[in-house]
2 protein chains.
Amino acid sequence: MKQMGNPYGLHRVIEPAGVLPQPALRISNDMSEIWDNEILVDVDILNIDSASFTQIKEQANGDEKEIEKIILSIVENAGKMKNPVTGSGGMFIGTVKTIGDRLKGKIDLEEGDKIASLVSLSLTPLKIEKILEIKKNIDQVIIKGQAVLFETGLYAKLPEDIPASLALAVLDVCGAPAQVARMVKSGDTVVIIGAGGKSGILCAYEAKRRAGIAGKVIGVDYSDETLDRLRSLDLCDHVIKLDASDAVSCYEAIKGLTDGAMADIVINNVNIPNTEMGSILMTRDRGVVYFFSMSTSFTKAALGAEGVGKDVDMIMGNGYAKNHAEITLNILRESPEIRALYENLYS
Amino acid sequence: MKQMGNPYGLHRVIEPAGVLPQPALRISNDMSEIWDNEILVDVDILNIDSASFTQIKEQANGDEKEIEKIILSIVENAGKMKNPVTGSGGMFIGTVKTIGDRLKGKIDLEEGDKIASLVSLSLTPLKIEKILEIKKNIDQVIIKGQAVLFETGLYAKLPEDIPASLALAVLDVCGAPAQVARMVKSGDTVVIIGAGGKSGILCAYEAKRRAGIAGKVIGVDYSDETLDRLRSLDLCDHVIKLDASDAVSCYEAIKGLTDGAMADIVINNVNIPNTEMGSILMTRDRGVVYFFSMSTSFTKAALGAEGVGKDVDMIMGNGYAKNHAEITLNILRESPEIRALYENLYS
Ligand SMILES: NC(=O)c1ccc[n+]([C@@H]2O[C@H](COP(=O)([O-])OP(=O)(O)OC[C@H]3O[C@@H](n4cnc5c(N)ncnc54)[C@H](OP(=O)(O)O)[C@@H]3O)[C@@H](O)[C@H]2O)c1
Ligand SMILES: NC(=O)c1ccc[n+]([C@@H]2O[C@H](COP(=O)([O-])OP(=O)(O)OC[C@H]3O[C@@H](n4cnc5c(N)ncnc54)[C@H](OP(=O)(O)O)[C@@H]3O)[C@@H](O)[C@H]2O)c1
């Protein structure tokens, strides 16, 4: 076992030298000998970030062989599954094979444990031996391969009461409901864009719990199928059909629904670009826009708000928040309706 | 005068249809007849956003003729000075020529008034007749031309006691100190990255005022010249030399200076890419990173924080905050040292 590994995984960075593994263009995915502060995992499933998978599907024109090729070539070139267009990654599920000597006994993990990674694939050394199956509609890829978690890497032991692929699916987006839990206060008017999506539903559940009877949760989505699904869960006070990239319609609709008061908090969970302005216009002065979507453009948001003189706080979705895994898995335990839907959709 | 103009300027958008002027690829800069809810301004000076001007200078290899060509071709193609690479704009100074009939008498402005625009050039219809001079070292371009402000556009009447080009220079970044004024509390440890730059100095002044004697303001910058300048102003408790794109050094330095406590608030005012990780690592758990830099990448920040398991709030710099122009001009009135420096540097 190699020694003196850096806690952030700097020792695996090949190019450019000195940067952290996430921004790096290429990291080492050599699994033949690990460092003594690493965890080596046999990987079964990758959950590709929604924005990344959407981009890859488009580039491949939906062709499965082509998707496979793109994924393999990304990992071969970069040593990790970081989509060069979207910059984003995803997560994995696997079984702990080797725990580095310096970590052994000091962490709550044993060889043989089933875990989900809670750090992005965009910084995780990954080697794919073979792609066994691509589950196109749930962004999951079944593989034979290995990954490495660094000393500072986050993971969750898979719970006994929730199937692995379902846990993986929700853990991928677990930062969002955890941030919502912090932000939304009793009485708030909350708009959730992409509310019928995977992270959107979890956010809607958590928002309604916090906003309470005095508050109002407005779910926005686009396709009729997703809207029906969202309505059937009965989480939102209003469910409306809007194209989030049509800023002006978004503004008009929320103005109508709130008698001109607009939203205290807007949570953006879509997987498409150009929804910054719509999010900003739906928010009241001094309200908060929370961008979870990986398709968010910094300049579009910053200049967009200035351009319309909108004094709002714009927060970038941090994928990590303390206890995010527990908060999110707990939603599946509390809500049999969401659990049934997600078992159906994502596992 | 044309009628029924949209308050956000939608009536000027050519491509793609239906989006707002900021995201639009092309807007109309036809100044021959304005809409009755527009303000037509004879423009004297453009202040190009720092990130944009840096990019243009690089593309032109510093050649002035080439810079001129690039600026003219951007405005000719887009109808506005929106840098297609950085997505950012800047501001202008000029004299009000015509106030649309529907605005006349209803706004605190008369024809002949000298104003600075407070909305980005990235959404402002602009026609350049001639470039008269390029002030390469202060990002200003002296032109003969015209611009249009929309009904929702923000502007400031130029104060009598501050020279126009100085006012323009500071108003360009006036969102930053105004946000700092809101955020920093007594006793806070605040790190300002790019603290010797134009917005950095204003932020350092405002941060020290708010953090007070119990707090600590740490100014970070890179070149010795800028560091000396910053030290001479005596605004910061510590001034240190760091490359903000070297995340690990940033972490070590602030860890040392704060006895491991790290910063409560980190304010990023640089004009170069790849400083997200450094900013995040300098911040304490549950602290705030405020990204004012237009070179910020959303995915690098969001995935970077997750990648190292750092539970911080990351805020996107909104160029607009209530009273931002007054707050910023007032710093020049309060601090003769900053005013003298800025008169020297920017006018
Ligand atoms: N910040 C982080 O750390 C982090 C971590 C993980 C994921 N993410 C990001 O979070 C976002 C959501 O992820 P997810 O897994 O929840 O994705 P998802 O299940 O695909 O949900 C996206 C939702 O957006 C809706 N949508 C698409 N186009 C729309 C439009 N024009 N107007 C309104 N709604 C529209 C979709 O509706 P339809 O079904 O009608 O298309 C869908 O309901 C992605 O961008 C992902 O990259 C962020
Ligand atoms: N969010 C908004 O609405 C908004 C509005 C306007 C401007 N901005 C942005 O704010 C940023 C700052 O603008 P500004 O006018 O203040 O720019 P500026 O005067 O050029 O200041 C930039 C500072 O960053 C420093 N710097 C450069 N490279 C560095 C490095 N590697 N490590 C540490 N410091 C470094 C520079 O130092 P040296 O002198 O040593 O190079 C300089 O002091 C720009 O990105 C601009 O686009 C944002």
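Throughout, a residue's number is its position along its own chain's written sequence, starting from 1. Chain letters and ligand numbers both follow the written order, the letters beginning at A and the numbers at 1. pLDDT decides what is reported in this predicted model: residues at 70 or higher carry local features, side-chain atom pairs at 80 or more are listed and counted, and totals for whole chains, interfaces and linings draw on all residues regardless. Side-chain measures were taken over the full set of non-hydrogen atoms in the model, leaving aside hydrogen atoms and water.

Moving on: the site of ligand 1. For each residue, the test is whether any non-hydrogen atom lies within 4 Å of the molecule or strand; if one does, the residue is near. For ligand 1, the set of nearby residues contains 27 residues, the closest of which are Asp49(A), Ser199(A), Asp221(A), Thr226(A) and Asp243(A). Residues near ligand 1 are shared among chains A and B, making this a multi-chain site. Residues adjacent in sequence count toward polar contacts only when both atoms are side-chain atoms; beyond that, a polar contact is any pair of N or O atoms within 3.5 Å, and within protein one must be able to donate a hydrogen and the other to accept it. Here an oxygen atom of ligand 1 and a backbone polar atom of Ser199(A) are 2.7 Å apart. One nitrogen or oxygen atom from the side chain of Asp243(A) is found 2.8 Å from a nitrogen atom belonging to ligand 1. Surface accessibility in these figures is a Shrake-Rupley result with a 1.4 Å probe; residues are shielded only by whichever protein chains are displayed. Protein contact buries 88% of the 930 Å² of open area that ligand 1 shows by itself. Helix and strand definitions follow DSSP, with helices as H or I runs of at least four residues and strands as E runs of at least two, each counted in order from the N terminus. Secondary-structure elements contributing two or more residues to the shell around ligand 1 are α1 (50-59) and α5 (198-211) of chain A.

All right, on to the UniProt feature "domain: L-erythro-3,5-diaminohexanoate dehydrogenase N-terminal" (unreviewed entry) in chain A then. UniProt positions are given in the numbering used here, feature names are shortened, and annotations may be inferred rather than shown by experiment. This chain's UniProt record puts "domain: L-erythro-3,5-diaminohexanoate dehydrogenase N-terminal" (unreviewed entry) on residues 11-159 of chain A. This span, residues 11-159 of chain A, is 17% helix and 35% strand, and a straight line between its end C-alpha atoms measures 32 Å.

Right, let's get into empty space enclosed by the protein. Using only the protein atoms, space was sampled on a 1 Å grid; points where a 1.4 Å probe fits but cannot get out form cavities, open sets with protein on both sides within 12 Å along at least five of seven lines form pockets, and lining residues are those with an atom within 4 Å of a point. Grid points are joined across faces, edges and corners, and a volume is the space filled by probe spheres set on the points. All told, the structure shown has two cavities of 30 Å³ or more when counted by the stated rule. Here the largest cavity defines a volume of roughly 90 Å³. Considering every element that reaches the lining of the largest cavity, the biggest residue donor is helix α9 (residues 298-307) of chain B, with three residues. Under the convention adopted here, Pro, Cys and the residues Ala, Val, Leu, Ile, Met, Phe, Trp and Tyr are nonpolar, Asp, Glu, Lys and Arg are charged, and Gly plus all remaining residues are polar. For the lining of the largest cavity, the residue count by class is nine nonpolar, five polar and no charged. There is about 70 Å³ of room inside the second largest cavity. Taken together, Met277(A), Gly304(A), Gly307(A), Val308(A), Tyr8(B), Leu20(B), Pro21(B), Gln22(B), Leu123(B), Phe150(B) and Thr152(B) make up the full set of residues lining the second largest cavity. Here the lining of the second largest cavity is built from residues that sort into seven nonpolar, four polar and no charged.

With that out of the way, let us pick up the site of ligand 2. With respect to spatial proximity, 27 residues lie near ligand 2, and among them Asp49(B), Ser199(B), Asp221(B), Ser223(B) and Thr226(B) are the closest. Near ligand 2, the surrounding residues belong to chains A and B. For ligand 2, an oxygen atom lies 2.7 Å from a polar atom in the side chain of Ser199(B). Ser223(B) places a polar side-chain atom, nitrogen or oxygen, 2.8 Å from an oxygen atom of ligand 2. Out of a free accessible area of 940 Å², ligand 2 has 89% covered by protein chains.

Should a side-chain nitrogen of Lys or Arg be within 4 Å of a carboxyl oxygen of Asp or Glu, the pair is scored as a salt bridge. Throughout the structure, instances matching the rule amount to 48 salt bridges over all chains. Arg182(B) is paired through a salt bridge with Asp311(A); the nearest N and O atoms lie 2.5 Å apart. A residue pair is termed interchain when its members come from two chains, as with Arg182(B) in helix α4 (residues 175-183) and Asp311(A) in the loop between α9 (298-307) and β14 (313-316). Exposure is judged per residue with a 1.4 Å probe applied to protein chains only, and the accessible area is read against the type maximum: over 50% gives exposed, under 20% gives buried, and values in between give partly exposed. The class of Asp311(A) is buried, set by a relative accessible area of 1%. Of the charged contacts in the structure, one is a salt bridge between Lys69(B) and Glu66(B), with a shortest N-O distance of 3.7 Å.

Note on the copies: chain A fits chain B at an RMSD of 0.0 Å, the axial shift is 0.0 Å, and the rotation between them is 180°. Such values leave the two copies arranged in the relation of a two-fold axis. The C-alpha atom lying nearest the rotation axis in chain A is that of Ile315(A); the distance is 2.3 Å. Two residues form a contact once any of their heavy atoms are found within 4.5 Å. In this assembly the copies share their binding face: 100% of the residues contributing to the interface of chain A also contribute to that of chain B. The copies were overlaid by least squares, fitting only the C-alpha atoms of residues that reach a pLDDT of 70 or more in each copy.

To continue, consider the packing of aromatic side chains. All names here are of chain B. Classification of ring pairs uses Phe, Tyr and Trp, with its six-membered ring standing for Trp, and accepts pairs whose centres are within 6.5 Å; under 30 degrees between planes counts as stacked, over 60 as edge-to-face, and the remaining range as tilted. Considering all chains together, one arrives at four aromatic pairs over all chains under this definition. Ring centres of Tyr342 and Tyr346 lie 5.0 Å apart, and the angle between their planes is 80°; on these two criteria the pair is classed as edge-to-face. Here Tyr342 pairs with Tyr346, and both are found in helix α11 (residues 336-346), just four residues apart, close to one helical turn. No difference in accessibility class separates Tyr342 from Tyr346, as the two residues are buried.

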